[in-house]
Amino acid sequence: AGEHEAWLVMFAADWASSCAHLDPTFAELSTHFTSPKLKFAKVDLGRWPETAKRFNINLDAFGSSSQVPTVILFEKGEETGRLPALYDDGTKVSGGRMRRVDIVKGFGLDERFAKTAAEADGGGNAAAAAEAKAAAVGAPKGNAAKKKD
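Residues numbered from 1 in each chain as written. Predicted model: local features only at pLDDT ≥ 70, side-chain atom pairs only at ≥ 80, totals over all residues. Heavy atoms only, no water.

K.L.:
Give a detailed account of the environment of Ala12, specifying residues and quantitative values.
P.N.:
Checked against the element boundaries, Ala12 lands in strand 1 (residues 6-12). Judged by relative accessible area, Ala12 falls into the buried class, the value being 3%. Sequence separation between Ala12 and Val43 is 31 residues; the distance between their C-alpha atoms is 6.2 Å. Other than its neighbours up to four places away in sequence, Ala12 contacts Cys19, Lys42, Val43, Asp44, Leu45 and Gly46. (Helix = DSSP H or I, 4+ residues; strand = E, 2+ residues; numbered from the N terminus. Buried < 20%, exposed > 50% of the residue type's maximum accessible area, 1.4 Å probe, protein only. Contact = heavy atoms within 4.5 Å.)

Here it is in structure tokens:
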């Protein structure tokens with residue numbers, strides 16, 4: 001990974017219906033927000049359970065403590081953000097199903113995209129570049145994050 005490259009990674013398991021619900025949303029986000037400075041990936045924790053332990057993700061399939069899917073932002077190789085968030089003791093902050101807006105706002109994807117677009121434009125109009133990208137994927141004008149879940 002490059003020095004200024006970030007990765008948004010979805011840790012999922014095939015047996016978890018919540019992961020199946022998030023798959024198309026995460027794929028759409030990767031199509032919309034991938035840039036030279038932000039990449040997307042998915043890790044199958046059913047196949048790589050040791051990875052779950054490494055990143056402190058509970059795979060308890062039958063309890064309310066299951067933490068899949070978990071989406072983690074890595075910058076310069078370090079974890080800088082996570083959904084769902086964890087308490088200091090490693091337990092999951094309770095919440096419902098993860099939505100598109102939760103990921104977009106939680107990781108500042110609109111702001112990251114606008115900044116990357118402005119840099120690519122030589123510091124030009126980032127808002128216009130973001131509008132063009134939103135129009136290209138069929139988002140309403142004004143704010144790509146307001147797109148339906």
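K.L.:
Go over helix 1 (residues 17-33), please, and point to the residues and values.
P.N.:
In this model helix 1 runs 25 Å from its N-terminal to its C-terminal C-alpha over 17 residues, within 8% of the 24 Å that 1.5 Å per residue would give. Considering bend angle alone, the principal kink of helix 1 is centred on Asp23 and spans about 35 degrees; proline Pro24 follows within four residues of it. Turning to helix 1, its buried residues number three or more, namely Cys19, Leu22, Thr25, Phe26, Leu29, Ser30, His32 and Phe33. (Expected span 1.5 Å × (residues − 1). Bend = angle between axes of the 7 residues up to and from the residue.)

K.L.:
Now, about the packing of aromatic side chains: what can you tell me, with residues and values included?
P.N.:
Evaluation of the coordinates by the stated rule reveals 5 aromatic pairs. Relative to Phe55, the ring of Phe11 lies with its centre 5.3 Å away and its plane at 40 degrees, an arrangement referred to as tilted. With Phe11 in strand 1 and Phe55 in the loop between helix 2 (49-54) and strand 3 (70-75), the pair connects residues that are 44 residues apart, well separated along the chain. According to the relative accessible area criterion, Phe11 is buried, its value standing at 2%. Overall, Phe55 belongs to the buried group, its relative accessible area being 17%. Each ring, one from Phe33 and one from Phe113, has its centre 6.5 Å from the other, and the planes form 75 degrees; the classification is edge-to-face. Of the two residues, Phe33 is situated in helix 1 and Phe113 in helix 4 (residues 109-120); the sequence distance between them amounts to 80 residues. Considered together, Phe33 and Phe113 belong to a single accessibility category, that of buried residues. Aromatic ring contacts, followed pair by pair, group Phe11, Phe55 and Phe74 into a single cluster. (Phe/Tyr/Trp six-rings, centres within 6.5 Å; stacked < 30°, edge-to-face > 60°.)

K.L.:
If you had to explain the sheet that holds strand 3 to someone new, which residues and values would you point to?
P.N.:
Taking strand neighbours across the sheet as the criterion, the 4 strands line up as 2-1-3-4 in an open arrangement whose pairing is mixed. Because the sheet does not close on itself, it has two edges, and the strands there are strand 2 (38-44) and strand 4 (78-83). Averaged over neighbouring strand pairs, the angle between their axes works out to 25 degrees when direction is ignored. Pairing analysis gives 6 bridges linking strand 1 to strand 3, with the strands arranged antiparallel. Bridge pairing in strand 3 places Leu8 opposite Leu73. (Pairing = 2+ DSSP bridges. Axes fitted to C-alpha atoms, helices over the stretch in contact; angles between N-to-C directions.)

K.L.:
Now, about the nonpolar core: what can you tell me, with residues and values included?
P.N.:
Counting 31 residues, the largest nonpolar core has Leu8, Val71, Ile103 and Leu109 as the members making the most contacts within it. Put simply, the parts of the chain that give this core at least two residues each are strand 1, helix 1, strand 2, strand 3, helix 3 (100-106) and helix 4. For this core, the leading source of residues is strand 1, giving 6 residues. Those residues in contact with Leu8, other than ones at most four positions away along the chain, are Phe26, Leu38, Lys39, Phe40, Ala41, Val71, Ile72, Leu73, Ile103, Phe107 and Leu109. (Core = buried A, V, L, I, M, F, W, Y, C linked by side-chain atoms within 4.5 Å.)

K.L.:
Hey, could you go over the pairing of strand 1 for me, with residue numbers and the actual values?
P.N.:
Here strand 1 lies mainly inside the structure; 6 of its 7 residues are buried. Of the strand pairs in this sheet, strand 1 and strand 2 are connected by 7 bridges, and their pairing is parallel. For Ala12, the partnering residue across the bridge sits in strand 2 and is Asp44.

Limitation: the analysis is restricted to geometry and does not speak to function.
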